[in-house]
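Coordinate inspection notes
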Amino acid sequence: MSRKPELKGRAARLARLLPTGRAQAARTPFVVLVVLLLGGGLIGLLLLNSALSEGAFRLDDLKRETKSLTDEEQALQRDIDAYSAPDALQRRARELGMVPGGDPAFLDPDGKVKGVPSPATASRAPLVLAPEAPATVTAPLPGTAPGTAPGAAADPTVASTASEAAPTPTPTPAPASIPASTPGR
């Protein structure tokens, strides 16, 4: 059995500073701490990666929704532009029975009337468009043979009298320009 030699002086003081039997016990908490830190770091990275992936999917969904809403906005803007075009406004006004205004009169700041106002007159009957007929007929009308159009008669002699009785509408051409009038004056 080997015995350690006894130290004297300076060596004895230095030997007292070093732990003798607890070296193994002091390493165990350090190793556990390092393993816990590494495990916690890995779990943190996993959670961070999952959160970033979820955010990327949400961002992709939001971009897709933004594109869809932008397309819808552009389609609605095209509709607004089509409805507010001057020729479309004129056509809708005629459909509603409106006629172009007469000659306008203007008021000076001192109250004098300039010009001779005239009322708007309908020079011709307003063009009223009939609603579109349905493309399919579910049941034949009385007096028609199955498989014929609703306006066509089964008997050719009846067809000639039916076409003579129904007047054909004649479309009226639109005027080249409509004089503008000041509303409310």
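The rules behind these values
- Residues numbered from 1 in each chain as written.
- Predicted model: local features only at pLDDT ≥ 70, side-chain atom pairs only at ≥ 80, totals over all residues.
- Heavy atoms only, no water.
- Helix = DSSP H or I, 4+ residues; strand = E, 2+ residues; numbered from the N terminus.
- Buried < 20%, exposed > 50% of the residue type's maximum accessible area, 1.4 Å probe, protein only.
- Contact = heavy atoms within 4.5 Å.
- Areas by Shrake-Rupley, 256 points an atom, 1.4 Å probe, with all protein chains shown as cover.
- pLDDT = per-residue confidence, 0-100.
- Salt bridge = Lys/Arg side-chain N within 4 Å of Asp/Glu carboxyl O.

Within the protein chain, the secondary structure is distributed over four helices and two strands. If you list the helices and strands of the protein chain from N to C, you get α-α-α-β-β-α. Within the span of the protein chain, comprising 185 residues, buried residues form 2% of the whole. Residue pairs in contact within the protein chain that sit at least 24 positions apart in sequence constitute 39% of those at least 6 positions apart. For the protein chain, the exposed surface amounts to about 16700 Å²; the carbon and sulfur share of it is 64%.

Detail in the predicted coordinates should be disregarded across regions flagged by low pLDDT. The share of residues in the protein chain with pLDDT of 70 or more is 59%, and the mean pLDDT across the chain is 74. Taken together, the stretch residues 133-137 has pLDDT below 50 and engages in one contact with residues farther than four places along the chain or on a different chain. Across residues 149-171, confidence stays below pLDDT 50; counting only partners more than four residues off in sequence or on other chains, it has 11 contacts.

Turning next to the pattern of salt bridges. Taken as a whole, this structure holds six salt bridges when the rule is applied. The closest approach of N and O atoms between Arg64 and Asp61, which form a salt bridge, is 3.2 Å. Here the residue Arg64 and the residue Asp61 both occupy positions in helix α2 (residues 23-83), the gap between them amounting to three residues, near one helical turn. Lys114 is the salt-bridge partner of Asp108, the closest N and O atoms lying 3.8 Å from each other. If you follow the salt bridges from partner to partner, you end up with Asp60, Asp61 and Arg64 in one network.

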